[in-house]
Amino acid sequence: MQLSSRTRMLALFPFFLLFLWPATTLAQTNQCTPCLVLESADPAQLAQKVSESLARRDAADARLWVRSSASQADATARASTGGELRRWIPFPISTEAPLLQNAAALEVELEALAALARRHPSATFQIDWAGLANPSWPQEYAFLVKRAGVAITGAAPDAPIVTGVLPLADEQSLRAFFAEEVAAYIDGLSIRDADRVSDVSTVLAQLDPGSETVLHVGDPVSGSASMAVAAAAAAAGATTVVLPIEQADDATVDPLVLLATELAGDVALDPYSTPEGGEAWAFVRGEDLGLRVIAVTASEGTTTLSFSDRQLTSPSLLTPANSSKEDLYTGRRSGTGYSVDLDPSGTVLLALDRNLAQLDGVEGVEEDLTIEDARQMPVEEILRRLQAFEDAQARRLDHYSGINTMSMRFLFGTGVQGIDVTFKGNIFQETDQPADWAWEELFINGVKWRGKRLPEIPLVQPEKAAALPLLISFTQEYRYRLRGTDTVEGRDVWVVDFEPAVAVTEDRTLFQGTVWIDREFYSRVKTRAVQLGLVGDVISNEESIFYTPVDANGQSTDWSREAYVLPTRLVGQQLFSILAATTMVEREVLLEGITINGEQFEARRQAVLESDATVVRDTDKGFRYLVADKETGERVVQEELDPSRLFLVGGAFWDESQDFPLPLAGLNWLSLDFRGTGIQTNVFFAGPLLLANFAKPSVFGSKFDVGLDVFGLAVAGTDSIFRGDEEAEEEDIESLRPNIDFELGRRFGNFFRLDFEYELSWNRFSEADDTAEDFVIPEDHLSHTFGLLARYDRKGYRFRLGGSHSIRSDWEPWGFADNPDFDPEKDEFQLWGAGINKIWHLPKFTKIGAEIEYVGGDNLDRFSKYQFGFFSDIRVHGYRQDRVRAEEAFAAHLSYGFELGELFRLDLVGDIASATDEESGLDNEILAGVGVVGTFLGPWQTVVNVDVGVPVAGPDSGFSAFIAFLKLFR
């Protein structure tokens, strides 16, 4: 007989229901509908009674929970001897709101909770809190649930977590609660009002389909009536039912064990199979589409249950005592369905089979239906597992120490040279405490400092971020997005991007970046972040941190849950606005020689604090020196940092453009915060040379900064020119060019900066010793230069692109008669250029630098063309100042540096340029020079730098030499 379409749909509905039913977490994990949690005044006795009942019927599939307090959990565990009996542990948190102001008290309770989870890793934990009675509970409780959740799952990764009973489970409160992104931290939400189950379940289906509705039944139940209470709750939408047991006897326990056995596995509530004729609830089994029906029979007479499905057959009653079947012969099929007569016996569990052979097309549907369960893990769950791993590690990691090496590589302007400053010493890190860094050794360009005390350098550093990503905070500071998967450091990782979820202001900086999370153990493998909202001296701060697993002895080990995963390498770049110029600092921090929870930790730290070593503490405001208190002698944090330094500077510079070596001897005074105004000041006075710089970063808290530079040299240099390969000495001129520069800069984003520059220069000319009598000296004049310079600095690469327009105040004929280089229209000219440079740092202070650049111009003459001397726009080692000129040039610069026994630093430098200048006969002529740059420590703790170069190709000859020493006064 063929079934009608309507009948077939009704018959097949239970089959489709199994795949359309919400895939909730506990249902997937626990495989029960509903899940039953039993509680009594004596949970250990109840657990023993349930275990005995499970053992009698060999109910391997049955899953039950016994609810017991934390203090009774151990006794309950010992009494749980059979079947799938599990523990449900409510944990009361007594810390009062506001939780952030009572963080210490909360941490004590969380430590106890984590310890409890370690003892009972398979238990379900319920987070109770007295503050739930407060109408403003959602935000405070969300913070508590997250903290408690990671404490539990850090100790027991698979432990389910449910909320305490929510007295105000209205839709508005629930939406506010889940808006705090708690879905990944809880598996169930508890209520007590049975009338609210349906509404709560509906809201949860929208907010978090994976969250269970846990109903706490108010009145104790007894006997077989407990099955009806559980079934009614399931029909209302509860997926877990907490039943208080009036008496833990066989009459009450056996029916619940029977119910747990029969409703375990692939079972779902089937409202379409609910019979008429009495109070009953139907559940369908996925394996055979058979029904399990909980029915309450009439106290007198026969109860007839009528089903609309004609394929039902073989009714039987399941006996609570041993789950045996009592076949019923009262079933009968009619034209509209199937009915069963039941005698009065209270609440019963009825089993019915379904004759699938009579359902036309069922086999075809079963064969063709394909279900895919390749679920993409939500980013919230990934973060929760990461936080759990780190919480568990923090609870077993009291402290660690090691040898910390921090290298700071300062790059000023352009070129392939920089200054490397490296500190090395012990680091002491306690969990949740700022680290103490001992700077016991100092290397300058790889040369070891030999003085007894290390100089204290100004600590210019970015402000601490208002909140760090990936941590649990009271407010939602960040948004997270799962980008996908990747392989990093040989590990299969999740790739999670994060960005601020709130406005970033000058008073509240945050990070944007990426974290790579191990897919097996959920520890960090790598993080990369850029700090947003920086103002003041710091333009940008970008860091990448690499993590390494170590064992209890501090040795590298395999990735595992037992390993300690620590940040062992940091690579970063910081851009500073120093004296209206962008200074790049590449930072690398290495952690080696790690000791985990060492017994001598405090004694070793105290010994360092009592020594002469320089010690800094990583405080909330950044690094601060620990200095001896004048009264107690103990080290304390130096809150106010002296931003000023005074140096003694000396040296000499000489090339053949000068009649004699130019001596330099004087003082250099630097202040990064002049009298608390935020103005940066640098004054260098060394005999004939004066350099002064004044700058104000972040004017009025904006992204603009301004600067003023003054340059003056009292000794005139000889300005020469080549005709072909011969120097035209009769055209030599003595010149002086003091100038004042004004700069206005603005940064865009974290790595791009645009500078507007104005220079006022006094150009003074006079005759040299060999100047011809008929050679006309140029008129002294002022020149006004307006320039625009764009810079992009990231990952050690420095890109620049700029141009300028200059106007001379007075430009009269000069040189010999009919001088082809003179043109009155050359009172205005333009210059432009571009370049890129990078320094690669290798182990043992070895480094390789490279730079390529291009310069050009329009309407240029002898006094506006590019030069290649020591202080020129493009340097070729060995070339003298004011000698060789070009209208256009391409240049490349290479350097290779290394240290010799920590005593001397050598950098081998090579420069090559292709220069073109029609006037002097250069046509893509190669100019090349080589040089040696050395650094060593002289007497009286002075730093000595030597730079010597000789030309190896091109028209120039001779050599240039520069020597300078620097000593810190204070």
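Nothing here was measured: the structure is a model prediction, and the numbers come from that model.

## Remarks on the sheet that holds strand 9 (residues 267-269)
Strand order in the open sheet formed by six strands is 9-10-11-17-13-14, with antiparallel pairing between adjacent strands. Of all strands in the sheet, those with a lone pairing partner are strand 9 and strand 14 (325-327), marking the two edges. Across the sheet, the mean angle separating the axes of adjacent strands is 30° when strand polarity is ignored. With respect to the sheet, helix 9 (residues 225-236) is in contact with strand 9, strand 10 (279-285), strand 11 (291-296) and strand 17 (347-354), its orientation differing from that of strand 10 by roughly 70°.

## Quick word on the pattern of salt bridges
A complete count under the given rule lists 53 salt bridges for this structure. Here arginine 519 and aspartate 492 are joined by a salt bridge, their closest N and O atoms 3.4 Å apart. Taken together, the residues arginine 519 in the loop between strand 25 (510-518) and strand 26 (524-532) and aspartate 492 in strand 24 (residues 491-500) connect sequence positions 27 residues apart. Two residues, aspartate 793 and arginine 798, come together in a salt bridge whose shortest N-O distance is 2.8 Å. Overall, aspartate 793 belongs to the buried group, its relative accessible area being 2%.

## Regarding the environment of threonine 527
Of note, threonine 527 is situated in strand 26. Distance in space between the C-alpha atoms of threonine 527 and lysine 795 is 15 Å, their sequence separation being 268 residues. Residue contacts for threonine 527: discarding those within four places in its chain leaves Thr514, Val515, Trp516, Glu543, Ser544, Ile545 and Tyr547.

## So, the sheet that holds strand 12 (residues 303-307)
Spatially, the three strands line up as an open sheet ordered 12-16-15, and their pairing is antiparallel. Across the chains shown, the open sheet's two edge strands, defined by having one partner strand only, are strand 12 and strand 15 (332-333). In this structure, strand 15 lies alongside strand 16 (residues 338-342), joined through two bridges in antiparallel fashion. Bridging across to strand 16, arginine 332 finds its partner in serine 339.

## Describing the packing of helix 6 (residues 137-155) against helix 7 (residues 171-178)
In the contact formed by helix 6 and helix 7, the axes pass within 8 Å of each other and the chain directions differ by 40°. For the element pair helix 6 / helix 7, the angle class is oblique. Remark: the crossing between helix 6 and helix 7 carries right-handed chirality. Together, Trp137, Pro138, Tyr141, Ala142 and Val145 of helix 6 and Ser173, Ala176 and Phe177 of helix 7 make up the contact between the two elements. Of the residues assigned to the contact of helix 6 with helix 7, the class counts are seven nonpolar, one polar and no charged.

## Structural notes on the state of the cysteines
This structure, assessed with the given rule, holds one disulfide. The disulfide that involves cysteine 32 links it to cysteine 35, with 2.0 Å between the sulfurs. On the sign convention where negative is left-handed, the bridge of cysteine 32 and cysteine 35, at about 85° about the S-S bond, is right-handed. With respect to burial, cysteine 32 and cysteine 35 carry one shared label: buried.

## With respect to the side chain of glutamine 429
Of note, glutamine 429 is situated in strand 19 (residues 419-430). There is a polar contact of 2.6 Å between the side chain of glutamine 429 and the backbone oxygen of glutamine 433. Leaving out residues up to four positions away in the same chain, glutamine 429 has contacts with His399, Tyr400, Pro434, Ala435 and Phe601.

Rules of the game
- Residues numbered from 1 in each chain as written.
- Predicted model: local features only at pLDDT ≥ 70, side-chain atom pairs only at ≥ 80, totals over all residues.
- Heavy atoms only, no water.
- Pairing = 2+ DSSP bridges.
- Helix = DSSP H or I, 4+ residues; strand = E, 2+ residues; numbered from the N terminus.
- Axes fitted to C-alpha atoms, helices over the stretch in contact; angles between N-to-C directions.
- Contact = heavy atoms within 4.5 Å.
- Salt bridge = Lys/Arg side-chain N within 4 Å of Asp/Glu carboxyl O.
- Buried < 20%, exposed > 50% of the residue type's maximum accessible area, 1.4 Å probe, protein only.
- Parallel < 35°, antiparallel > 145°, perpendicular 65-115°, else oblique.
- Left-handed = near helix turned anticlockwise from the far one by under 90°.
- Nonpolar A, V, L, I, M, F, W, Y, C, P; charged D, E, K, R; others polar.
- Disulfide = S-S within 2.5 Å.
- Polar contact = N/O pair within 3.5 Å; in protein donor to acceptor, adjacent residues only side chain to side chain.

The values reported here are purely geometric and, on their own, carry no functional implication.
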